[in-house]
Amino acid sequence: MALLEIEDLHVSYDNPVLLGVSFEVEQGETAVLFGLNGAGKTTTVSTIAGLLKPDKGTIRFNGDNIAGRPPSRLVPRGVSLVPEGRRVFPALSVANNLRLGSWTRRTHGKENEERRNLVFEYFPRLAERMDQAAGTLSGGEQQMLSIGRALMSKPKLLLIDEASLGLSPALAKTVFQVVNRINDDGVTVIIVEQNVGVLPYADRVLIMEKGTLIFSGVGDEIQNANLRESYLGKAAE
Ligand SMILES: Nc1ncnc2c1ncn2[C@@H]1O[C@H](COP(=O)(O)OP(=O)(O)OP(=O)(O)O)[C@@H](O)[C@H]1O
Ligand SMILES: [Mg+2]
């Protein structure tokens, strides 16, 4: 059984957007979700995280159908989203932003402190800026904080929407490397990307087009040059 099994997922806003998406992600994998603007990537990860209710289809996480459950129930079970656009609380300090990431688990101070220390190990720059208002961090630091906040809830499945957007190639690489470490530490990751610089870290590649999944591949299949040219856009390196 895969950790995440999505079958025939249909989601709409005013109009249908996801038109029957199916894919699986195995425990311990890093899956990268590619696709052009408007393909439905954000809609997919937002639905997995419980922010949108599907019209139809199943989302099995650890064997249970979680489709339509709200984030307040999913975060404690280990599903955590880093949303598009690094939404930190600008007036709050780095430390308080992180604190907010752990509240849904109703954990104790000591466990939160351990989590925070782990986040600081991944992102030492955040430790140096603990008391700084999040709104005054650089774009890259805000992205680190946004990932760090999601890690505070001790996710089993971490969904990251566009981690590298607006970052320099060097900083994007740093973020990918840290995500890779987080994955090595046992967290299954789905990362939405338009930057092929993430490919070396991917165990599985998923490609969406116009609300459907047009490719799901592992290993050598990922290197298919034709797909790179057609759907992945240009490398930011
Ligand atoms: N809140 C909304 N209300 C109505 N339509 C929406 C809403 N959010 C997204 N859509 C539409 O759904 C489609 C898929 O959007 P989505 O944000 O999932 O794409 P995406 O693949 O994440 O794109 P991008 O790469 O630009 O972030 C688009 O056509 C978009 O206009
Ligand atoms: Mg998006």
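Residues numbered from 1 in each chain as written. Chains lettered and ligands numbered in written order. Predicted model: local features only at pLDDT ≥ 70, side-chain atom pairs only at ≥ 80, totals over all residues. Heavy atoms only, no water.

**Q** Tell me about the overall build of the chain, and name the residues and values.
**A** When you go through the chain residue by residue, the secondary structure sums to eight helices and ten strands. Compactness check: the chain gives a C-alpha radius of gyration of 17 Å against a globular reference of 18 Å for 237 residues, within 12% of the reference. Along the longest, intermediate and shortest principal axes, the C-alpha atoms of the chain span 45 × 40 × 35 Å. For the chain, the residues scored as buried account for 51% of the 237 residues in total. With the model as given, the accessible surface of the chain reaches about 11000 Å², and the carbon-plus-sulfur share is 48%. If the 26 positive side-chain charges of the chain are averaged to one point and the 28 negative ones to another, these points end up 7 Å apart. (Helix = DSSP H or I, 4+ residues; strand = E, 2+ residues; numbered from the N terminus. Rg over C-alpha atoms; globule rule 2.2 N^0.38 Å. Buried < 20%, exposed > 50% of the residue type's maximum accessible area, 1.4 Å probe, protein only. Areas by Shrake-Rupley, 256 points an atom, 1.4 Å probe, with all protein chains shown as cover. Lys, Arg positive; Asp, Glu negative; His and termini not counted. Charge placed at Lys NZ, Arg CZ, Asp CG, Glu CD.)

**Q** Lay out the site of ligand 1 with the relevant residues and their values.
**A** Lining the immediate environment of ligand 1, one finds 13 residues, of which Gly38, Lys41, Thr42, Thr43 and Glu84 sit closest. In the environment of ligand 1, an oxygen atom lies 2.9 Å from a nitrogen or oxygen atom belonging to the backbone of Gly40. The side chain of Thr42 places a nitrogen or oxygen atom 2.8 Å from an oxygen atom of ligand 1. If ligand 1 stood free it would expose 640 Å²; the protein chains cover 59% of that surface. Among the elements that take part in the shell around ligand 1, helix H1 (residues 41-48) stands out by supplying three residues, more than any other. (Near = heavy atom within 4 Å. Polar contact = N/O pair within 3.5 Å; in protein donor to acceptor, adjacent residues only side chain to side chain.)

**Q** An account of the coordination of the magnesium ion (ligand 2) is requested, with residue identities and associated values reported.
**A** Taken together, Thr42 (OG1) and Glu84 (OE) make up the full set of protein donors to the magnesium ion (ligand 2), lying 1.9 to 2.5 Å away. In this pair, Thr42 is assigned in helix H1 and Glu84 in the loop between strand S6 (79-82) and helix H3 (94-102), connecting sequence segments 42 residues apart. Given the relative accessible area of 25%, Thr42 is considered partly exposed. By relative accessible area, which is 31% here, Glu84 ends up partly exposed. (Donors = N, O, S within 2.8 Å, 3.2 Å for Na, K, Ca; no water.)

**Q** Could you give me a rundown of the side chain of Asn183, with the residues and numbers involved?
**A** Residue position: Asn183 is located in helix H7 (residues 169-184). We classify Asn183 as buried; its relative accessible area is 8%. At 3.3 Å, the side chain of Asn183 and the backbone oxygen of Glu29 are in polar contact. Residues contacting Asn183, with those up to four places away along its chain left out, are Gly28, Glu29, Thr30, Thr188, Val189 and Asp203. (Contact = heavy atoms within 4.5 Å.)

**Q** Got a sec to walk through the packing of H3 against helix H6 (residues 139-151)? Specific residues and values, please.
**A** The axes of two packed helices give the description: the angle between them and the distance between them. Axis separation between H3 and H6 bottoms out at 7 Å; the angle between their running directions is 35°. H6 is crossed by H3, and the crossing has right-handed handedness. Here Val94, Asn97, Leu98 and Gly101 of H3 lie close against H6, whose contacting residues are Leu145, Gly148 and Arg149. Each residue belonging to the contact of H3 with H6 can be placed in one class, and the counts come to three nonpolar, three polar and one charged. (Axes fitted to C-alpha atoms, helices over the stretch in contact; angles between N-to-C directions. Left-handed = near helix turned anticlockwise from the far one by under 90°. Nonpolar A, V, L, I, M, F, W, Y, C, P; charged D, E, K, R; others polar.)

**Q** Give me the lowdown on the pairing of strand S3 (residues 30-35), citing residues and values where you can.
**A** In terms of burial, S3 is largely enclosed, as six of its six residues are buried. Burial of S3 is two-sided: the residues Thr30, Val32 and Phe34 facing one way and the residues Ala31, Leu33 and Gly35 facing the other way are all buried. In the sheet, S3 pairs with strand S9 (residues 204-209) via five bridges, with the strands oriented parallel. Bridge assignment links Val32 to a residue of S9, and that residue is Val205. (Pairing = 2+ DSSP bridges.)

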